[in-house]
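Examination of the molecular architecture
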Amino acid sequence: MKTTRETPSGLSFGRLSEDIAFLTRILRTKIQERNSGFFAAHDVAGGEVAVLNLIHTNPGLTQKDLSHMVVLRKSALTKLINEMERSGLIERRKEGSDKRLNALYLTREGTARLAPMQSDMTALQEELLAPLSPAERAILFELLWKLIDDPSVGSSGGPGQTS
């Protein structure tokens, strides 16, 4: 597929019209601009939103599994988890036979903080995906997960992959 795109003023993107890194950087920038009001309104950072949602969906999730899901280095995730625990949003519990593993749970405050975020997240998602039909949205997510789950794409692993 050879797609050539141009800016409204007629400048060509050339080979970058089909460069996944370039296109996802542009899309990521647009998404971050659109989401900035959300983060300010909820006084939260992007990483915290993902962590709160994943722990809510998977109570007892281990830090190791969470690090694979959010594709963060262990040290960066540990720092985030420490901050969220100090803020009273999550708690770590030692469970099972391996006492080295921390099971993560939302606190009451974490659950209360997440609830209004979720409805705002749904509204933002609708705004961002408004140009796409429901069928196009399904295809978009199917293709994105296909790339994410393919072990040959990148070397650091990621969501949906087992180690």
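Now for a look at the structure at hand. Because the structure is predicted, anything quoted here is derived from the model rather than measured. (Residues numbered from 1 in each chain as written. Predicted model: local features only at pLDDT ≥ 70, side-chain atom pairs only at ≥ 80, totals over all residues. Heavy atoms only, no water.)

The next subject is the side chain of Ser17. In this fold, Ser17 is placed in the segment before helix H1 (20-42). Exposure remark for Ser17: the relative accessible area of 8% places this residue in the buried category. Side-chain polar atoms of Ser17 contact the backbone nitrogen of Arg5, separated by 2.9 Å. Residue contacts for Ser17: discarding those within four places in its chain leaves Thr3, Thr4, Arg5 and Leu23. (Helix = DSSP H or I, 4+ residues; strand = E, 2+ residues; numbered from the N terminus. Buried < 20%, exposed > 50% of the residue type's maximum accessible area, 1.4 Å probe, protein only. Polar contact = N/O pair within 3.5 Å; in protein donor to acceptor, adjacent residues only side chain to side chain. Contact = heavy atoms within 4.5 Å.)

Ordered in space as S1-S3-S2, the three strands form an open sheet in which the pairing is antiparallel. If you trace the sheet from one side to the other, it starts and ends with strand S1 (61-62) and strand S2 (90-94), each paired once. Alignment of S2 against strand S3 (residues 102-106), held across five bridges, turns out to be antiparallel. Residue pairing in the sheet places Ile90 in a bridge with Leu106 of S3. The strands touched by helix H2 (residues 46-57) are S1, S2 and S3; relative to S3, the strand with the most contacts, the crossing angle is about 100°. (Pairing = 2+ DSSP bridges. Axes fitted to C-alpha atoms, helices over the stretch in contact; angles between N-to-C directions.)

Compared with the 32 Å implied by 1.5 Å per residue over 22 residues, the 32 Å span of helix H5 (residues 108-129) between its first and last C-alpha is a close match. Of all the bends in H5, the greatest, near 25°, is centred on Ala115, and the proline Pro116 appears no more than four residues after it. Within H5, the full set of buried residues consists of Gly110, Leu114, Met117, Leu124 and Leu129. For H5, the elements touching its buried residues are H1, H2, S3 and helix H6 (134-149). (Expected span 1.5 Å × (residues − 1). Bend = angle between axes of the 7 residues up to and from the residue.)

By secondary structure assignment, the location of Leu124 is in helix H5. For Leu124 and Lys94, which are 30 residues apart along the polypeptide, the C-alpha to C-alpha distance reads 36 Å. Setting aside residues no more than four positions away along its own chain, Leu124 makes contact with Arg34, Asn35 and Phe38.

Attention shifts here to a nonpolar patch on the surface. Residues Leu140, Phe141, Leu144, Trp145 and Ile148 make up a contiguous nonpolar surface patch of roughly 400 Å² in combined accessible area. Mapped onto the secondary structure, Leu144 falls in helix H6. Of the residues examined, Leu144 reaches a relative accessible area of 36% and is grouped as partly exposed. (Patch = residues over 30% accessible without salt bridge, like charges linked within 9 Å, V, L, I, M, F, W, Y side chains within 5 Å. Areas by Shrake-Rupley, 256 points an atom, 1.4 Å probe, with all protein chains shown as cover. Salt bridge = Lys/Arg side-chain N within 4 Å of Asp/Glu carboxyl O.)

The tally for this structure, following the rule as stated, stands at two aromatic pairs. Ring centres of Phe13 and Phe22 lie 5.8 Å apart, and the angle between their planes is 55°; this geometry places the pair in the tilted category. Note on Phe22: relative accessible area 17%, which makes it buried. Between Phe38 and Phe39, the aromatic rings sit 5.4 Å apart at their centres with planes inclined by 75°, giving edge-to-face as the arrangement. Assessed through its relative accessible area of 8%, Phe38 is described here as buried. It is Arg93 that lies over the ring of Tyr105; its NZ or CZ is 3.8 Å from the centre. (Phe/Tyr/Trp six-rings, centres within 6.5 Å; stacked < 30°, edge-to-face > 60°. Lys NZ or Arg CZ within 6 Å of the ring centre and 35° of its normal.)

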